[in-house]
Amino acid sequence: MSNVSPADQNPPRTLSSVVSCLSDYDPDALPVADAQAIIRQLIQPINAVEKIALRSALGRVLALDIVSPINVPSHDNSAMDGYALHGSELNPKADLSLKIIGTAYAGRAYDGKVGSGECVRIMTGAVMPGGCDTVIPQEFVRDASDAGMTIPAGAVKLGDNRRLQGEDLKAGTPALQKGKILSPADLGLLASLGIGEIPVQRRLRVAFFSTGDELRSIGETLDEGCVYDSNRYTLYGMLTRLGCDVVDMGVIKDDPDVLEAAFRTACENADAIITSGGVSVGEADYTKQMMAQLGDVGFWKIGMRPGRPMAFGKIASNGKEAYLFGLPGNPVAVMVTFYFLARQALLHMMGASAVAAPPLLRVVSQAAIRKRPGRTEYQRGILSRNSEGIQEVRITGSQGSGVLRSMSEANCMVVLEHDRAEVKAGELVDVILFDGLI
Ligand code: AMP
Ligand code: MG
């Protein structure tokens, strides 16, 4: 995929223009990495900013750099409960007895001068009294009384236990960068700067529906040969975790007029559309036909398991455009294609920066795993520590792409790379933990 230029340099407008730059593009045998790169080339961030209250900003994407308006901390202060003193009076070879002339509390400074031979009792967070540059923790001193105390030789050195003004952040320096997905720590950091209104990207609107005449919604009778639609619930969960505004459009019957209306409504009301089902080879329905008719859509067979068939592109209706992810119908394939092909694209649309894939951990495979080179396999795994304290993964029983229960039992995904063959017991494999995936 080295012949694709980075999206930021010269973003191509259409799927056809992206793939026409690829010498080795084969929609019927597309490696995962190539599919990811093509999607990344086409996707553009939405760039619409709103200001919201700090607490509501959790999980949202920061839309502007935040520059610190103040020094944090705003004054030199004590990191310990103890005594503030002039470090220059310390002698590493001799004890030092000092007279206590007052107390400095957090939020209530000691205003007086501290002379030679003197110290001030000080609490954690209290402003350092004039001239003092060192704090001796209270548990290090000897013979403490209200009047004075003695510091044993070498117990502390100049500058110890003092936090400097601006040590965490200097006024005028960047505190948080645009594109960051705001975490609990970020909320605290923004609060520490006194910032209560945060510029964030507006939420991404994602419409989704399921296609397939065999699908029934909860509450309907399960006729012979039918299944309950579970994909809309996994999609709801995954999109909500990602911070999207979701528009659940239900099950859409395999009828050209109904399908066209659904695609048009979704396109006119959302930034992205996710469908499941109807993209397989030889699928006897109108989903693919409608996707192609309404826009610039590629139909791929991706070198992956589960999740081989997928449609991706952009469709248009009445002057509005939306990106389309046509995921396969199998319940596990939906989740895998969402996490490994759609998730990063949606994050990029949301304006999130550095949306690298979640970290891969290398762990020991407890048993042999069957694997064919030439496709990336995503197997459901259970990661645990063995008796020697080493992380070990075993794959869940059935890896069928319709077995949602195994997805629910698993705590990680074992990612077996494209070129890899059979895994032997004891070999190292990559895993992605579900916790923290989104
Ligand atoms: P498809 O990709 O449409 O050929 O579907 C593959 C398999 O997934 C079939 O067994 C479908 O019944 C099943 N399937 C498709 N959509 C859903 C859905 N929304 N919920 C549960 N199973 C589905
Ligand atoms: Mg189907």
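All values reported here derive from a predicted model rather than from experimental measurement.

Caption draft 1: Geometry of empty space enclosed by the protein. Evaluation of the coordinates by the stated rule reveals one cavity of 30 Å³ or more. If you add up the space inside the largest cavity, you get close to 60 Å³. Lining the largest cavity, in full, are Gly59, Arg60, Val61, Gln201, Arg202, Arg203, Leu204, Gly243 and Met350.

Caption draft 2: Representation of the pattern of salt bridges in the model. Counted according to the given criterion, the structure contains 17 salt bridges. Between aspartate 271 and arginine 202 there is a salt bridge, and its shortest N-O distance comes to 2.9 Å. Placement of the pair is aspartate 271 in the loop between α5 (256-269) and β17 (272-276) and arginine 202 in the loop between β12 (197-201) and β13 (205-211), with a sequence separation of 69 residues. Through salt bridges with shared partners, one network takes in Asp95, Arg142 and Asp143.

Caption draft 3: Fine view of the packing of α5 against helix α6 (residues 287-294). Across the interface, α5 lies against α6 with an axial gap of 10 Å and an inter-helix angle of 45°. If you check the angle between α5 and α6, you find them oblique. The element α5 and its partner α6 pack so that their crossing is right-handed. For the pair formed by α5 and α6, the contact residues are Pro256, Leu259, Glu260, Phe263 and Arg264 on the first element and Thr287, Met290, Met291, Gln293 and Leu294 on the second. Counted by class, the contact of α5 with α6 contains six nonpolar, two polar and two charged residues.

Caption draft 4: Summary view of the confidence of the model for the protein. Summary statistics for the protein give a mean pLDDT of 92 and a share of 95% for residues scoring 70 or more. Low pLDDT, under 50, characterises residues 1-9; the predicted model gives this stretch 15 contacts beyond four residues in sequence or across chains.

Caption draft 5: Spatial organisation of the site of ligand 1. The environment of ligand 1 is formed by 16 residues, the closest being Glu214, Asp229, Ser230, Asn231 and Gly329. Within the side chain of glutamate 214, a nitrogen or oxygen atom sits 2.6 Å from an oxygen atom of ligand 1. Burial of ligand 1 by the protein amounts to 78% of the accessible area it has alone, namely 480 Å². More than half of the atoms of ligand 1 fall within 2 Å of the grid points belonging to the largest pocket. Along the lines of polarity and charge, the residues of the shell around ligand 1 split into four nonpolar, nine polar and three charged.

Caption draft 6: Looking closely at α5. An ideal rise of 1.5 Å per residue puts 20 Å on 14 residues; α5 measures up with 20 Å between its terminal C-alpha atoms. Residues of α5 that are buried in the fold lie against β13, β16 (245-252), β17, α6, β19 (309-317) and β20 (320-327). At the N-terminal end of α5, a side-chain oxygen is found 2.9 Å from the backbone nitrogen of aspartate 257, two or three residues along, and the residue is aspartate 255.

Caption draft 7: Seen up close, the domain arrangement of the protein. What the domain assignment lists for the protein is domain 1 (15-47 + 204-349), domain 2 (49-72 + 167-201), domain 3 (77-163) and domain 4 (361-433). Between domain 3 and domain 4, the C-alpha centre-to-centre distance is 57 Å.

Caption draft 8: Representation of a nonpolar patch on the surface. A cluster of nonpolar residues, Ile218, Leu222, Tyr228 and Tyr233, forms a patch on the protein surface that exposes about 420 Å² of accessible area. Along the polypeptide, tyrosine 228 turns up in strand β15 (residues 227-228). With a relative accessible area of 42%, tyrosine 228 lands in the partly exposed category.

Caption draft 9: The arrangement of the environment of serine 398 in detail. Among the structural elements, serine 398 can be located in the loop between β23 (391-395) and α8 (404-409). Contacts of serine 398, omitting those with residues within four sequence positions, involve Arg380, Val403 and Ser406.

Reading the values: rules and limits
- Residues numbered from 1 in each chain as written.
- Chains lettered and ligands numbered in written order.
- Predicted model: local features only at pLDDT ≥ 70, side-chain atom pairs only at ≥ 80, totals over all residues.
- Heavy atoms only, no water.
- 1 Å grid on protein atoms, 1.4 Å probe; cavity = no way out; pocket = protein on both sides within 12 Å on 5 of 7 lines; lining within 4 Å.
- Points joined across faces, edges and corners; volume = space filled by probe spheres on them.
- Salt bridge = Lys/Arg side-chain N within 4 Å of Asp/Glu carboxyl O.
- Helix = DSSP H or I, 4+ residues; strand = E, 2+ residues; numbered from the N terminus.
- Axes fitted to C-alpha atoms, helices over the stretch in contact; angles between N-to-C directions.
- Parallel < 35°, antiparallel > 145°, perpendicular 65-115°, else oblique.
- Left-handed = near helix turned anticlockwise from the far one by under 90°.
- Contact = heavy atoms within 4.5 Å.
- Nonpolar A, V, L, I, M, F, W, Y, C, P; charged D, E, K, R; others polar.
- pLDDT = per-residue confidence, 0-100.
- Near = heavy atom within 4 Å.
- Polar contact = N/O pair within 3.5 Å; in protein donor to acceptor, adjacent residues only side chain to side chain.
- Areas by Shrake-Rupley, 256 points an atom, 1.4 Å probe, with all protein chains shown as cover.
- Sits in = over half its atoms within 2 Å of the grid points.
- Expected span 1.5 Å × (residues − 1).
- Domains from an automatic or database assignment.
- Patch = residues over 30% accessible without salt bridge, like charges linked within 9 Å, V, L, I, M, F, W, Y side chains within 5 Å.
- Buried < 20%, exposed > 50% of the residue type's maximum accessible area, 1.4 Å probe, protein only.

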